[in-house]
Amino acid sequence: MEDLLDLYSQPDDPKHPVICFYERPYPLLEDIREPLPPEPEQPLRYDYEYKRNGSVNLFAIFEPHKGWRHIEVTQQRTKKDFALQMKNLVDIHCPQAESIRLVVDNLNTHNPAALYEFFPLEEARRIVQKLEFHYTPKHGSWLNQVEIELSVLARQCLERRIADVQTLSQEIASWQSDAYGGLRLRNSSKASVNWRFKITDARNKMGRLYPDVSPSKVDLPDY
């Protein structure tokens, strides 16, 4: 945990950006009946029945220092999909970076081995050498700042039924880059996370999780 908190406290370094990465499923739901449009003193009305059109995956990349995010919709979230996301991160999103300090959770696909499974040896090595993995603790994915960004996306854009991949992709692209329902522009306004949880806070609030190394608790050898 302190590794991530220390990482977040460091100043911005364009040559070594901090990138938070996460993924989340999203169900595609279609209305059975057309919703009734809102009227004076009457909100939008829709039927509780819907049709399931499967689900997709949202890959989310977030750079807290720059207030920049990129959400990509994919059909699945296999090791190959993760490997392709890492290649795009290195070659497209952060081509000038000497190394990328990557915050990920402990999902079994989130490791350098995934790249060696789907790219030639030298290509995989080239990409992996640019990535510095920082893992969230078990049951501690809340330490990944991109989860907060995905929560904002859900509240502002996805709390409704969206029936197909094309519409979903268009809505997310508008939300992150263009004017969206009168909201502030996410990327152009460099909206970011006001992260206040520091190492001192962790030690004060979660002291019970730290090992007790006081002299009375340490077994000293007999001489």
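The structure under discussion appears in the preceding block.
None of the values given here were measured: they were computed from a predicted structure.

Cut-offs used in this document
- Residues numbered from 1 in each chain as written.
- Predicted model: local features only at pLDDT ≥ 70, side-chain atom pairs only at ≥ 80, totals over all residues.
- Heavy atoms only, no water.
- Pairing = 2+ DSSP bridges.
- Helix = DSSP H or I, 4+ residues; strand = E, 2+ residues; numbered from the N terminus.
- Axes fitted to C-alpha atoms, helices over the stretch in contact; angles between N-to-C directions.
- Contact = heavy atoms within 4.5 Å.
- Parallel < 35°, antiparallel > 145°, perpendicular 65-115°, else oblique.
- Left-handed = near helix turned anticlockwise from the far one by under 90°.
- Phe/Tyr/Trp six-rings, centres within 6.5 Å; stacked < 30°, edge-to-face > 60°.
- Buried < 20%, exposed > 50% of the residue type's maximum accessible area, 1.4 Å probe, protein only.

(A) Inspection of the sheet that holds strand β5 (residues 131-135) at higher detail. The strand order across the open sheet formed by five strands is β3-β2-β1-β4-β5, and the pairing between neighbours is mixed. In the strand order of this sheet, the two ends are held by β3 (68-74) and β5, each with one partner. The sheet shows a mean angle of 30° between the axes of neighbouring strands, direction not considered. Pairing of strand β1 (residues 18-31) with strand β4 (residues 100-104), which is carried by three bridges, proceeds in the parallel orientation. Residue pairing in the sheet places C20 in a bridge with V103 of β4. Along the sheet, helix α6 (residues 165-177) contacts β1, β2 (50-63) and β3; its crossing angle with β3, the most-contacted strand, is approximately 180°.

(B) Representation of the packing of helix α5 (residues 146-158) against α6 within the structure. Between α5 and α6, the shortest axis-to-axis distance is 11 Å and the interhelical angle comes to 115°. By the angle class used here, α5 and α6 are roughly perpendicular. Crossing hand, α5 versus α6: right-handed. Every residue of α6 that contacts α5 at E149, V152, L153, Q156, C157 and L158 is listed here: L168, E171, I172 and W175.

(C) Representation of the packing of aromatic side chains in the model. Throughout the structure, instances matching the rule amount to five aromatic pairs. Relative to F197, the ring of W142 lies with its centre 5.7 Å away and its plane at 65°, an arrangement referred to as edge-to-face. Placement of W142 in the loop between β5 and α5 and of F197 in the loop between α6 and α7 (199-205) is noted, with a sequence separation of 55 residues between them. F197 gets classed as buried once you look at its relative accessible area, which sits at 16%. Pairwise contacts between aromatic rings join F21, F59 and F82 into one cluster.

(D) View of α5. For α5, every residue scored as buried is listed here: V146, E147, E149, L150, V152, L153, C157 and L158. Tucked into the core, α5 has its buried residues touching β1, β2, β3 and α6.

(E) Spatial organisation of the pairing of β2. With eleven bridges connecting them, β1 and β2 associate as antiparallel partners. Across the sheet, the residue bridging to P27 is S55, located in β2. By the bridge criterion, seven bridges tie β2 to β3 in an arrangement that is antiparallel. The residue bridging F59 from the neighbouring strand is E72, located in β3.

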